[in-house]
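Architecture and fold: a report
One-letter residues, chain by chain:
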Amino acid sequence: MQALNLDASTIMVANIMIGFCLTILLSFSLLDHITCPGMRFWSLSFLAWTIGLVCMLSRMYIPLWISVCLGISLIVTGYSLMWLGILQYKKTYSKKHLRVFFILPVLIILLWLLSLHSNDIYFSLRTSIIAIVISLLSLLIFSELITRRKRNETGRLLCAITFFVTVLLMIYRMVSTQYLDVPIKLFDANSSNIILMFGMGFTLLVTGISVLIISSQWLQNRLYVHATYDALTGIYNRYALIELSETLELTANLSSKLWSLIILDIDHFKAVNDRFGHPTGDLVLQNLAQEIKKTSRHCDIVSRYGGEEFVIILPDCNLSDAANWAEKLRIKIEQMEFISEHGPVSFHITVSMGIASATQDSWKLAQVLGRADVALYNAKQSGRNQVKIDQADMFNK
């Protein structure tokens, strides 16, 4: 029995070391130029958990009511900070959520009153209150982690499982003190406390690992978005177009299906920027990108190729159908009305388009793009605001 008692306190020390190391690790991540949303709250939560565990271990040297009130309050604060960090990560955090800390004064008063009595009934009641509060916060965290989780967010799934395990541990702790004939004090020599200590260390370690995974996956997703999508318009950028076209080239070549490409250029876009300013020019690009996206099919690839140029790839689409679609889009764009930010001045824009299709001899993106660019040049030379087809593809029409 003495060995069990020693093991319980030793495991608690090990848990404190785990919490201390994770706190340092997460705190150093805050020094990075770009940090995952919620990381500040998560770092503080591990700090609160670690200090709380130190206070719980110190009950051998300080009055029980100080150890319990301060230790449990810090541990509950850690759970609250973890929840706030998840809300910030999901971009649903607001200052009203800080009201969760209102439970702390009530909890401290209850624990203080119950710590004044040393009989088993008050010990059991105190343990049940602590278990219920931690279980409710863990369920709250679990719910936020599961809600609207993407399939590839494995860090959130691991973290959710960990907090569900925490709920099970708290239920076990409450049941063991209420209905099982075992000593109920935290460092009493019994298997229940050993299981609790090991469970605390496990959840602390896995929570830290899952937070690091969440941060890593967030950074990977951020890099993917910046590498794939145009920051201004939200559609694919030039590099994504090249990457996606490789798959298109392979599948189209194997299936012998036609695909067409359209280069769209805004006529006299420089004049729009010079007259109305670059913010208005950016608004034109954004609205135009959304109109192209709205008009295109789900399988079409819409990208901003550079400046005021857009490239649309139409899979499984011949030259004639691509020309008809482009003409309808040109008319829609011509009818769009834009409002200058410098005053109630409305204006319209026109676009020129060049179209080319993949052939058996010319099916690489660079080849089709080059022929479509020649068609675009012809549209510009012919007076703009029109659709032109590459002359070499006329027989495919």
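Residues numbered from 1 in each chain as written. Predicted model: local features only at pLDDT ≥ 70, side-chain atom pairs only at ≥ 80, totals over all residues. Heavy atoms only, no water.

**Re the overall build of the protein chain**
Quick note on the threshold: A run of H or I in DSSP becomes a helix once it reaches four residues, and a run of E becomes a strand once it reaches two; helices and strands are each numbered from the N terminus. With the radius of gyration taken over C-alpha atoms, the globule rule is written as 2.2 Å times the number of residues to the power 0.38. Contact definition: two residues touch when any of their heavy atoms are within 4.5 Å. Computed with a 1.4 Å probe, the accessible areas rest on the Shrake-Rupley method; for each residue, only the protein chains presented here act as cover.
Along the protein chain, the regular secondary structure elements total 12 helices and 7 strands. Relative to the 2.2 N^0.38 estimate, which gives 21 Å for 397 residues, the radius of gyration of the protein chain is 32 Å and therefore markedly larger than a compact globule would have. Within the protein chain, contacts between residues separated by at least 24 positions form 69% of all contacts whose residues are at least 6 apart in sequence. Working note: accessible area of the protein chain is about 20,300 Å², and carbon and sulfur atoms make up 63% of it.

**Some thoughts on the sheet that holds strand 6 (residues 351-357)**
Definition in use: By definition, two strands form a pair when at least two bridges between them are found by DSSP. Fitted lines through C-alpha atoms give the axes, limited to the stretch in contact for helices. The angle between two N-to-C directions lies from 0 to 180 degrees.
Spatially, 5 strands are ordered 2-3-1-6-7 in an open sheet, and the strand pairing comes out mixed. Lying at the two open borders of the sheet, with one neighbouring strand each, are strand 2 (301-306) and strand 7 (387-389). Pairs of neighbouring strands in the sheet enclose a mean axial angle of 20°, with direction left out of account. Here strand 2 runs beside strand 3 (residues 309-315); their pairing, made up of 5 bridges, is antiparallel. Each bridged residue has a counterpart across the sheet, and for G306 the counterpart in strand 3 is E309.

**Some words on the environment of L25**
As a reminder, the rule being used: Buried, partly exposed and exposed residues are distinguished by accessible area as a fraction of the type maximum, computed with a 1.4 Å probe on protein chains only: under 20%, between the cut-offs, and over 50%, respectively.
Of note, L25 is situated in helix 1 (residues 2-29). Taking the relative accessible area as the measure of exposure, L25 reaches 44% and is therefore partly exposed. For the pair L25 and Q386, spaced 361 residues apart in the sequence, the C-alpha separation amounts to 59 Å.

**Things to note about the confidence of the model for the protein chain**
Applicable threshold: For every residue, the predictor assigns a confidence score, pLDDT, that lies between 0 and 100.
Chain-level statistics for the protein chain give a pLDDT mean of 89 and a share of 91% at 70 or above. Across residues 1-5, where pLDDT falls below 50, the model places 7 contacts with residues more than four positions away in sequence or in other chains.

**Some thoughts on helix 11 (residues 319-335)**
Definition in use: Multiplying 1.5 Å by the residue count of a helix minus one yields the expected span of that helix. As used here, the arc is the angular range of directions from the helix axis to the C-beta atoms. Distance and chemistry together define a polar contact, namely a pair of N or O atoms within 3.5 Å, with one atom able to donate a hydrogen and the other to accept it when in protein, and with adjacent residues in sequence counting only for side-chain atoms on both sides.
For helix 11, with 17 residues, the first-to-last C-alpha span of 25 Å sits near the 24 Å given by 1.5 Å per residue. Among the residues of helix 11, L319, A322, A323, W325, A326, L329, R330 and I333 are the ones counted as buried. Projected down its long axis, helix 11 shows its buried positions confined to an angular sector of 165°, all on one face. Exposed and facing more than 90 degrees away from the buried side of helix 11 are K328 and Q335. The secondary structure elements touched by the buried residues of helix 11 are strand 1 (259-266), helix 10 (278-295), strand 3, strand 6 and strand 7. By the N-cap criterion, in which a side-chain oxygen at the helix start approaches the backbone nitrogen of a residue two or three places on, helix 11 is capped by N318, the distance to S320 being 3.2 Å.

**Considering the packing of aromatic side chains**
Keep this limit in mind: Ring pairs are drawn from Phe, Tyr and Trp, using the six-membered ring of Trp, whenever the two centres fall within 6.5 Å, and their geometry is named by plane angle: stacked under 30 degrees, edge-to-face over 60, tilted for the rest.
Following the criterion strictly, the structure yields 10 aromatic pairs and no others. Measuring from centroid to centroid gives 5.3 Å for Y229 and Y236, while their planes differ by 15°, and the two rings are stacked. With a relative accessible area of 28%, Y229 lands in the partly exposed category. Arranged with centres 4.3 Å apart and planes meeting at 15°, the rings of F276 and F347 form a pair that is stacked. You can see F276 sitting in helix 9 (residues 269-276) and its partner F347 sitting in strand 5 (residues 346-347), a full 71 residues away along the chain.

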